[in-house]
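Below are the chains, spelled out letter by letter.
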Amino acid sequence: MSESARRQARDPSISCLVQAPAGSGKTELLTQRILALLAIVEEPEEILALTFTRKAAAEMRGRVMQALNMQKPDEKQSHKMETWQLAQAVLQRSQTRQWNLSEHPGRLQLMTLDSLTFALARQLPLLSGLGEMPKPGENLFVLYREAAEAAINLLMRAEPEKAESLLLLLDHQMASLIKLVAEMLAKREQWLPTVAQNLVTSSARHDMQEILARLVLERVEQCNAMIPIEVKDQLPALLVFAAKQDDCTLDIKHLLDLQQWPAVNVESIALWQGIAAGLLKKTGGFPAPASINKARGFPAHAKAEKLQMQEMTALLSSITGLDELLADLIRLPAQPAYSDQQWSLLEALFELLVRANEQLQGLFARQGEADFTEVVLRALQALEDEAGTPSDLLMKLDYRIHHILVDEFQDTSSLQMRLLQNLTAGWQAGDGRHRTLFMVGDPMQSIYRFRKAEVGLFLQAAANEADLPWVESLKLERNFRSAPDIVAWVNRTFANVLPDDDDVVRGAVSHAMAASALHHTGRVKLHVQQGRDDIQEAAAIVALVQQEKSRAGLDGELQRIGILTRSRKQLHAIIPALQEAGIAFRAIKILPLATRPEIRLLRALSRALLHPADSQSWMAILRSVCCGLSSARLFPLLTADKRSVWQLIHDEQRIEAVDADTQLRLAFIKDALGPCVEVAGTVPVHDLLATAWHRLSLPELLDESAEQNVAAALELIESLDEGGQINFALLDERLEELFAAPDSSSEAAQVELLTMHGAKGLQWDVVILPGLGKTGRGADAPLLAFTDVPEAGGVKPLLAPKAEVRGKDAIYSLINSIEKSKYNYELARLLYVACTRAESGLFMYGHVSESTELAANGSFLKLLLADGLEGECFGAEIEICEAGEQIEATEKKALQRMLHIPELVTEQAEQEELETEYFWAGPEAAPVGNAVHEALQHAALIGVEQCGDSFMRSENTSMRNALMAEGLSGPMLETALSRCSRALEQALASDRGSWLLSARHPDARCEWALSVKQEGFIAHYVIDRSFIDEQGIRWVIDYKTASHEGGDLNAFLSEEESRHAPQLQRYTSILKKMQPDRPVKCALYFPMLDAWREIAQPGEDSPVMD
Amino acid sequence: MQQELFNRQLNIDESISASGVSSSLDKGGLLITASSKQAVDWKRRLVAESVLPVCETPHVLSWQEWLLELSKALPAFPVPLNRMQETELWQQVIRKDLGDSSQSSSSIRGLAKHASQAYTIMQEYAIKTEELSFSGEESDALLRWISGLHNKLDSEPLCGRMLVADLAKALLPAILDLCQKRQLLLDGFHSFTPMQEKILCRLQAAGISIVHIEHEGRATEQSMICCETEQQELQYISSRVQTELQAQPQARIAVAVSDSVDVRLLHKVLNRTLMPERVNMPDHQMLVANMAALPLSEMPMIQQLLHMLTLAGKDSVSFADFSRLLFSPYLMGYAQERFDRAGLDRTLRMNNRHYLSLQFLIESKELEGMPDLSSALMALTNWQVNNRPAREWVKALHQLLQDTGFIHISFAESERSNHEIRQLNTFRDCLSSLVALDAVTNKVSWTRFLALLRTACSDAQLALPIKYPNLSVLPISQMAGLQFDKLFVAGFDAQAFPLSSSPQPLLPLPVQQKYRVSMSRPALAYEYSAFLWQQLLQAAPEVYISWSKQSGDQESLNVSAFAGCLDVSACPETALPATEKAETESFDDAVHMPLSVDETIRGGTALIRDQSGCPFRAYTRYRLHVRELEETEPGIEATTKGSLIHLALEHIWQKLKSQAALKAMSADEQTILIEQAIDDAWQKNRSAVTTSTQSVEKRRMFLVLNDWLNEERQRPAFDVIAIEKLYELDLPRYAKQKLRIHITADRMDRDQQGHRILIDYKTGAKQSFSKWLGERMEEPQLPLYALAAALGEHDAVSFARIRSGEMGFEGLCGESTGIKGMTICDGKRSSPEDWQALLNDWAEQTDSLAEEFIQGLSTVSPRDEKACRYCGLEAVCRIEETGFDQDTGDDDE
């Protein structure tokens, strides 16, 4: 079956969707499919292969290129031979059509969906509204928050009642409202179209109430179908009996008139809820026979009724899932309708969300960055017309795409699906073109809801209900990864753990059986602890690791071990145990940087340098390893004074009051940080901190891994720099997302610690799953519950606002329950992913409650060991142990500080010539100067003697052009031009000017461009004017067009002289190199003032002033 | 490669060798290069060939420079608009055409860039506008925009101006008169555009000799190095460069980088390797090599300046924005007022001033002692934002920068570093350049002007001194025609090279392909890449090509197939020398510092709570007075909300005095009383919140208080016997030296059985009484109240939880008070067994905690893991270094 499915899947003439479970050789299949397609297309760009990560795209490209370059394999290696043959056909095609494919692999369109959308949006700048492509930002929560805050402020001004209703919903916690709106912005692709639409549609309320009624009815129908007929006959009378009892505490008084089993309709919902309340415990589940007592309406004397009720309850409790369904019934809204208050709240919320989105758009435009959601929305906007149907713009793309392949299709989001629908929308059957769609993935491994993956889309596509081209649905079965024992256990377990049927709405995926293709032995073992004891569990795991790491795996090398957990924090207990045991390991994205001591110190250092009044950060430095003052020693320094710590440690009196060692250590801190405090705010924070870190000798005091962490944090700080300052709230937020660098030694590679999510796509000889008895942390309730409900021909949205703070709302709960079931189903799949990583050994650890011996609801162990210690785990070995005595925590270590205070060496910057600050005489000064320079050059070229009226006229035109070319216009141009003309006229008329610009000088030059070799380098200079005078002196003249009004002209000229002397002296030395015997003089000429300053050569007296 | 591309209409048969260029130029030839970088390089090469120490700079121009030079020779020739003017004009035309608000200003800016590029291609490739018709919305729009632009150029005031893209076409008729050279030497061209061909053909036809330069096949030594990671590759290159420079300080070395190289990382590695001393001089800004410098807008001074300008003329600014301004070293008087400004920042944080009115601040006492800050803020608030011509904005803004201290009025007051002077000089150029807008617009709004200034600063690069001017870092695409002594090619992987095609988005793709517009299709991109590859091989006698197998999250990258024929060697180890470790010692951090008699400690119940949580925390906060800097938050803080509720309840019970009075009130009367209480509370607590926030909070208060009073109506009858009563509790009771704790009890009731019930209002989360028990109590507030009020066996203490959706009492007592939520100490439901014993125990525990404080215990010994959760002192106490019980608590996903 599997082999024929593979053959079909390789066939380039058909479209198909392949379900490829873990270890089924999906990548090889994709490679072969791409090769098969390459052999038949006109251009390689006709094939588009989409992946979800850049890594996967690179891997795919690597596999194709590898195939193109592979040697002919042995005949026995059949699958390699197939690949080789396919590759040979491609190479031939490439040669015939001059693709140069081997040299130009970039022609293979293997990319991520994100890159594709980015490329589409870039290619359609007008229609996407992204004329200037934004930078793809990955940490934009700060923008969402800013947009949310701005929107709330705007709403408060424009529609205060609406704002008030929303704020009161959250007990007037503005920060919470901002956070919730920001979270909504992060997933705006889900609600934006609906919300925008609902703002303008009057029927929205009615439409949603219809859906609500349908959902309610659906539940009632499900319930009704599960209840046996005899119960329907007898139960009404029993419940009426119970309702009549005074001692009955159940909420069933409204059942007094219940004559018969209620009708299956929305109107009877209260009766249905009453029945559910009469049957279930308040905490859920059916009551035990002994609990059917007077409080439930069956006093001891009513023996017959009580017995009957006990029998009925026993019957009902044997029906799987009925208790949950009845509990759901109780939670349903009494009326499938929004109250006016709810609806106006919803409208207020819509208003706020739309405003927040507008604000976000503004921020994206201002910052020049945007999230991928924005780019996808814009790309779709460009590809669809106003009605949302695909336009013919795909014509504009580089080539018509004829073949699309999508990897990991189970991770597709609804937005990406829309894109795929657009890309394939024009594929008409029978238009003579050969087009195919190929999707591959494993819905059982769909675990990325947090990245918006919707597994229901896979199910829809497999059923050809996804508005995509028709596809053949194929399944691969053979498992090329795990031992048969593991495959068999996974089959047994997940046939039970995963639901029996697929459900698009609730994201349920049923199990698909796998058949082992390998023959080695395998082991599956569950280690159950009675009562939670993390330290004991960690010790057991360490013992197992020690044992397994010395064994050889299938390939003869030592076994590789993966320790996988649901959350990072679960690994935190294991890490010290491994360290204690001296086992090297690689913890990938596990240990948060923020809590590392070196990062805390770095943060304190940055705060102290940038905020002199942050006494806490200064104190952290004084107590750190590079200073090491105890709390007691700090007392005389810091107490009873409001000045900053920096000021206090410079207070001589206070310093005198402390001991010599403290003085020495303080002196070191002051010397080390003094220069940094001086320049804080004027240099990039990264540079400031790197210097401070270095000056405090911290690299010498910390180990290498700490230095790596510091480097990573400094990189983050660099990215957050705001002109020598930093937003610390943002830094803290971002630090939370950074993790300590893993041990990169080869020894550490044998044991890897990852989250289950991070383990997808990887495999180990031995997989260890600790902490299966623990539960996850609940997420905050969103501001708006949202779900899509399938309707004939599409989906319809259903929304409800959050209930008031600490309150409940039935509609909101109903909608949220759909999302909750998606979450629960995905959790089971996460366990599937974790278990299927194992090749030879799968070892699981978890605890049950000491008292009930049951695993906690919501834990993985509950799925594996539903009946607690009494049950079995689908045939896995089980080892039960009691929680032992708490192992003593290791003794506290003493605080460390540097032993010897290092001597600080102050680096001297290389002597740099002093930079000259401009005199700013207005924006026109520089253009005027340039124009006058040019005009003087022209005058000197023809000689002042030839400069008559016509010269002035032509120069005026040239100067006007020059000024215009520099951007001047209008009144400023006219003023500037008249200044230029005046300067030129003045120069031409004056004696000095006439002498300078005369054509009679020998070897006269204007704008003389000279190049000089200096110490092996070449420098270029331009000298404004130069000539040899009557005395044989070579003059070097620099024009300075600065003007001066009022004040002391001489002082001004002297200032100019001293500013420009080095430059002219440099010119002089250059000319002396050209003609060593020629005397050279240099001077400044000020055409605006007709002034002249001769510049003395170094060692000469100042020449006479003009 | 070059040769075959010349075989079109234009026929350039003649060539000269590179060594003959100098003599050709001496004979009056002109060397024209494809890029200005190459022109500069040719000048260098020609000067280097010269035997003289000083010579005239050879005349070498890039194609574009040459055209501009020719155009200047004609006085009547139209003056092209400069880039800013042209961009502004495109934007005006596009904005007018699109009319709606569907495009943001950044999108319009982007569209203008695309339009300008598309127009330039059309001119260079002589693409007729008709070709664009009916090719889709984007090219239709381009057509309209081109037409709109021409209309503008044909009418006043722009009549007579032109676009730079039109220059070549406009010069064509006069080219023979303008070109005075007998010979043109061409170098570095991969291909010629049709427009270039036209010009050259015309010159050639007129007898001007057009020759290309033949590069002698240089004996190149090529090596290929495979590195594991990008970091390793860049470190290898940097170390090699360092070795080469040490051996030959004047060697000309280039590092050509592909698109896959993280250039910022390369700069860092080069900096670290070649300028290790820089780590000690953060203010000494210099570039390690000849490379693209950072944009001016990224410089701290300019960022602060631009940030300040965004606040100019605003009534209200956010705290975050204001705080940035406060710490700007360039804002007037920073040196003198630095610590005061930091103090102001701390105070504003403490008072949660999330938004600030600058005017209000100037008039307040908060700025006392900071005259310069006051004056700078005044200048900002006085800033007029009405529309003005750009030239007026420029002058006014310069004045504002002087008034706020960013620009010094005279050089005398200047103590600025070279780097700061360079930033200011370049900034002034950017500012001045904005007057160009006046040619194309009338008046500009302040927002628009500021946006344009920001763009100008982003476009401008700050010229920094270069440590090794003979070392260049540049993209592979700019390497054509350049010559070096050694060349390193980084990131030469198959993904980055050959280059991918990059068609122009506004021009129809078929048209671009028809005209063979450069890079518009994969085959053309491949052709150009092959040309670049040849250029790389000829660029130096020694070429070292490298790539890394892993870059970012991409693994197993292959080398570009162009280099596939070269032998590969693995990257040698280039690890930096390990840092020598310094010795450390352990030190005693547990020395007690007893409270001295004259030391004043002001503390309430929080002091004992801190002492109980961790002695170090109490010591740090109350003895050293070290506090964390707070963050402001939007809206009204929980503590303010709580204290307003307290004030309102004080008002209410002052009026009512008993439950009987409460019950005697009608609903309307209750409403009136609550409203009065709310007004009174706001009168007393003048929190700096906006009117709208106040209004919402008043509404919330009403709902909460109303619910609470209804709750109070339900409990057994009582009289209020004390409200907001102050107590002073001296602890330990029997010690000589005592610690005085100040306590305000919110309320004391007496019920009909005579029980005194001490009540503390709580507006926060639920407090289980387990937190009040044990050796180190988590929440010692009520125990302290019980002691202060000397409660006895018939009395009770309770929190009154006044919280939306969670109203109720949580307390302990010895006898039943009939109040729901009050637990009797009878040993049931985990409650203590004996109320009186509990009171005694509380007394002992608090005595012991106070004693610890007086003794100056400052050890880091938190009660449990939870005590550290919101402490914030981790960096100070260093608990992660000394060790802590492993955190295996709640799971996070």
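Please read all numbers here as calculations on a predicted model, not as lab measurements. (Residues numbered from 1 in each chain as written. Chains lettered and ligands numbered in written order. Predicted model: local features only at pLDDT ≥ 70, side-chain atom pairs only at ≥ 80, totals over all residues. Heavy atoms only, no water.)

## Observations regarding the pairing of strand 23 (residues 808-813) of chain B
Residues and elements named next belong to chain B. Applicable threshold: Relative accessibility under 20% of the residue-type maximum defines a buried residue, over 50% an exposed one, and the middle range a partly exposed one, all with a 1.4 Å probe and only protein chains included. The secondary structure listing takes helices from DSSP runs of H or I that are at least 4 residues long and strands from runs of E that are at least 2 residues long, numbered from the N terminus. When DSSP finds at least two bridges between two strands, those strands are taken to pair.
Burial analysis of strand 23 places six of its six residues in the buried class, the great majority of the element. Side chains of strand 23 alternate between two faces, with G808, E810 and L812 and F809, G811 and C813 buried alike. Bridge analysis of strand 22 (residues 796-801) against strand 23 gives six bridges, and the strand direction is antiparallel. Residue pairing for strand 23: A796 is matched across the bridge by C813. Judged from the three bridges that link them, strand 23 and strand 24 (residues 822-824) form a sheet pairing that is parallel. The partner of G811 across the bridge, within strand 24, is M822.

## Structural notes on the UniProt feature "domain: PD-(D/E)XK endonuclease-like" (unreviewed entry) in chain B
Convention followed: UniProt positions are given in the numbering used here, feature names are shortened, and annotations may be inferred rather than shown by experiment.
As recorded in UniProt, the sites labelled "domain: PD-(D/E)XK endonuclease-like" (unreviewed entry) are residues 613-878 of chain B. The distance separating the terminal C-alpha atoms of residues 613-878 of chain B is 16 Å; by composition the span is 41% helix and 18% strand.

## A closer look at the sheet that holds strand 2 (residues 30-33) of chain B
Residue and element names in this part refer to chain B. Quick note on the threshold: Between N-to-C directions, angles cover 0 to 180 degrees, with each direction set by a line fitted to C-alpha atoms, over the stretch in contact for helices. Should any heavy atoms of two residues lie within 4.5 Å, those residues are counted as being in contact.
A sheet is described by the order of its strands in space; here five strands give the open sequence 1-8-7-2-4, paired in parallel fashion. Every other strand in the sheet has two partners, leaving strand 1 (15-17) and strand 4 (60-62) as the edge strands with one partner each. Ignoring which end each strand starts from, the neighbouring axes of this sheet average 35 degrees apart. Here three bridges tie strand 1 to strand 8 (residues 209-214), and the two strands are oriented parallel to one another. Residue pairing in the sheet places S17 in a bridge with E214 of strand 8. Against the sheet, helix 3 (residues 36-49) touches strand 2, strand 4, strand 7 (183-187) and strand 8, its axis set at about 170 degrees to strand 4.

## Remarks on the packing of aromatic side chains
We apply this condition: Each pair of aromatic rings taken from Phe, Tyr and Trp, with Trp reduced to its six-membered ring, is defined by centres within 6.5 Å and is described as stacked if the planes are under 30 degrees apart, edge-to-face if over 60, and tilted in the remaining cases. In this scheme, Lys NZ or Arg CZ marks a charge over a ring once it lies within 6 Å of the ring centre and within 35 degrees of the ring normal.
This structure, assessed with the given rule, holds 39 aromatic pairs over all chains. Counting every residue linked through ring pairs, the aromatic cluster contains B:F492, B:F497, B:Y526, B:W533 and B:F562. Lying over the aromatic face of A:F728, A:R607 brings its terminal NZ or CZ to 4.5 Å of the ring centre. B:R715 extends its terminal NZ or CZ atom over the ring of B:F718, reaching a point 3.8 Å from the ring centre.

## Describing the side chain of A:E826
Residue and element names in this part refer to chain A. Selection criterion: When charges are counted, Lys and Arg contribute as positive and Asp and Glu as negative, whereas His and the chain ends are disregarded. Put simply, a salt bridge is a Lys or Arg side-chain nitrogen that is within 4 Å of an Asp or Glu carboxyl oxygen.
On the secondary structure map, E826 appears in helix 32 (residues 810-835). The side chain of E826 sits in the buried core without any salt bridge; R829 is the nearest counter-charge, 4.1 Å away. Ignoring sequence-local partners within four residues, the contact set of E826 consists of S446, I447, Y448, R449 and H757.

## Side note on the UniProt feature "domain: UvrD-like helicase C-terminal" (unreviewed entry) in chain A
The sites that carry the UniProt feature "domain: UvrD-like helicase C-terminal" (unreviewed entry) are, in the present numbering, residues 495-761 of chain A. Along residues 495-761 of chain A one finds 47% helix and 8% strand; the C-alpha atoms at either end are 22 Å apart.

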